[in-house]
Amino acid sequence: MVFYFKARPEVGDYTIFMGLDKYENEELIKYGFPEDIWFHVDKMSSAHVYLRLRKGQTIDDITEGLLEDCAQLVKANSIQGNKVNNIEVVYTPWSNLKKTASMDVGQVSFHNPKMVRTVRVEKRINEVVNRLNKTKVERNTDLKAEKEAVNAAERAERKLQLRDKKRQEEMERLEKERQAEIRSYKGLMVSEKMTSNKQIAADNKSLQELEDDFM
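About the thresholds
Residues numbered from 1 in each chain as written. Predicted model: local features only at pLDDT ≥ 70, side-chain atom pairs only at ≥ 80, totals over all residues. Heavy atoms only, no water. UniProt positions renumbered as here; feature names shortened; annotations may be inferred. Helix = DSSP H or I, 4+ residues; strand = E, 2+ residues; numbered from the N terminus. Buried < 20%, exposed > 50% of the residue type's maximum accessible area, 1.4 Å probe, protein only. Contact = heavy atoms within 4.5 Å. Areas by Shrake-Rupley, 256 points an atom, 1.4 Å probe, with all protein chains shown as cover. Lys, Arg positive; Asp, Glu negative; His and termini not counted. Salt bridge = Lys/Arg side-chain N within 4 Å of Asp/Glu carboxyl O. Polar contact = N/O pair within 3.5 Å; in protein donor to acceptor, adjacent residues only side chain to side chain. Axes fitted to C-alpha atoms, helices over the stretch in contact; angles between N-to-C directions. Parallel < 35°, antiparallel > 145°, perpendicular 65-115°, else oblique. Nonpolar A, V, L, I, M, F, W, Y, C, P; charged D, E, K, R; others polar. Pairing = 2+ DSSP bridges.

The protein chain has the name NFACT RNA-binding domain-containing protein in an unreviewed UniProt entry, where Manihot esculenta is given as its organism. Of the protein chain, the UniProt comment under Sequence similarities (unreviewed entry) reads exactly: "Belongs to the CCDC25 family."

A. The overall build of the protein chain, seen in detail. Scanning the protein chain from terminus to terminus reveals 6 helices and 9 strands. Expressed as a percentage of its 215 residues, the buried residues of the protein chain come to 33%. Look at the contacts in the protein chain between residues 6 or more apart in sequence, and 66% of them connect residues 24 or more apart. On the protein chain, roughly 14,500 Å² of surface is accessible, and the fraction owed to carbon and sulfur atoms is 51%.

B. View of the side chain of K75. Structurally, K75 is set in helix α2 (residues 64-76). The side chain of K75 sits in the buried core without any salt bridge; E122 is the nearest counter-charge, 11 Å away. Residues contacting K75, with those up to four places away along its chain left out, are V41, G81, N82, V84, I87, V121, K123 and R124.

C. Seen up close, the side chain of D69. Structurally, the position occupied by D69 is in helix α2. When its relative accessible area of 0% is taken as the criterion, D69 is described as buried. Separated by 2.7 Å, the side chains of D69 and R8 make a polar contact. Excluding residues that lie within four positions of it along the chain, D69 makes contacts with A7, R8, I16, V128, R131 and L132.

D. Geometry of the packing of α2 against helix α3 (residues 126-134). Between α2 and α3, the least distance of the axes is 9 Å, while the angle of their chain directions is 90 degrees. The pairing of α2 with α3 is recorded here as roughly perpendicular in orientation. Residue-level inspection shows E68, D69, Q72, L73 and A76 of α2 in contact with α3, the latter providing V128, V129, R131 and L132. Residues of the contact of α2 with α3, tallied by class, amount to 5 nonpolar, 1 polar and 3 charged.

E. Quick peek at the sheet that holds strand β3 (residues 36-41). Taken together, the 7 strands give an open sheet; going across it, the order is β8-β5-β3-β4-β2-β1-β9, and neighbouring strands pair in antiparallel fashion. Bordering the open sheet on either side are β8 (117-121) and β9 (137-139), each of which pairs with just one other strand. Each strand axis lies, on average, 25 degrees off the axis of its neighbour in the sheet, ignoring direction. Here strand β1 (residues 2-6) runs beside strand β2 (residues 15-19); their pairing, made up of 5 bridges, is antiparallel. Across the sheet, residue F5 finds its bridge partner in β2, namely I16. The strands touched by helix α1 (residues 22-30) within the sheet are β1, β2 and β4 (49-52), with β2 carrying the most contacts at an inclination of about 130 degrees.

F. Structural view of the pattern of salt bridges. Enumeration according to the criterion identifies 14 salt bridges in this entry. A salt bridge links E88 to R120; the shortest N-O distance between them is 3.3 Å. Highlighted residues: E88 in strand β5 (residues 87-93) and R120 in strand β8, separated in sequence by 32 residues. Residue classification places R120 among the partly exposed positions, given a relative accessible area of 49%. Among the ionic contacts, a cluster of salt bridges with common partners joins R8, E68, D69 and R131.

G. Quick peek at unusual backbone geometry. With a phi close to 65 degrees, K43 is a non-glycine residue in the positive phi region. Topologically, K43 is positioned in the loop between β3 and β4. By relative accessible area, K43 is classed as exposed at 77%. In this structure, N86 is a non-glycine residue whose phi angle is positive, near 55 degrees. Relative to the helices and strands, N86 resides in the loop between α2 and β5.

Have a look at this one:
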C-alpha cells in the first residue's frame, strides 16, 4: 500500500508519497525513479517520504513551499519527531540511496553524503498537515510493474528519437550531395570552357566536319 498526497496547488502539480510500512519502504527504495527525492527525519524513526519531480528537474528546483510540504509530512509521520520541536529533516535524490545486503528492511545509507541536504523544522504546522491529509489516496501499487512500464516507454521514445535523427542525417547527406552536383555542373558550364559556333568556324571546321570527326 502506497499513500499519495498532492502538494499545495500554487507550487504546481506535484505528488508526494510514502509507503505503509518498512516493507513497502523497501520496495520504494528498490523501484524508485531518477526524479524522486527522498525525505526522512534525521536520527529518528520516520516514514520514508518521496517527492516526484518533473523530468529534467533536480533537487535545486524544489521551491520553499514544496519543501515545507514534504518536511511537514515526514515530521507528522514520525512517532518521535512529531512530538518534539526543532527537528531536522534530511533529503537527497533517490539515486543517492545506498542499500546493502547487511542492512535491515527499510534501512538505507548514502553513496555520497555530500549530496544529502538538511532542513530544520521548528514545529508541526497543522494547517499544512491537514491540507495534505485531505488529498491522501491509498493505492495498491505494483511498483515493479510501474517501473518496468516507464522504462519500456522511455526505451521506445529513445528508439524513435534515434530513428528520427538518422533520417535527418540521411536527408542532410543527400542535400549535400545534391548541392555538390549543382556546383560541379555549374563549373562545367562556365563560358571559358564552352565552344561557340563562331569559334568552330574560326577553326575552319564546319559542324558537319566536326560530326564526321566524332563518328
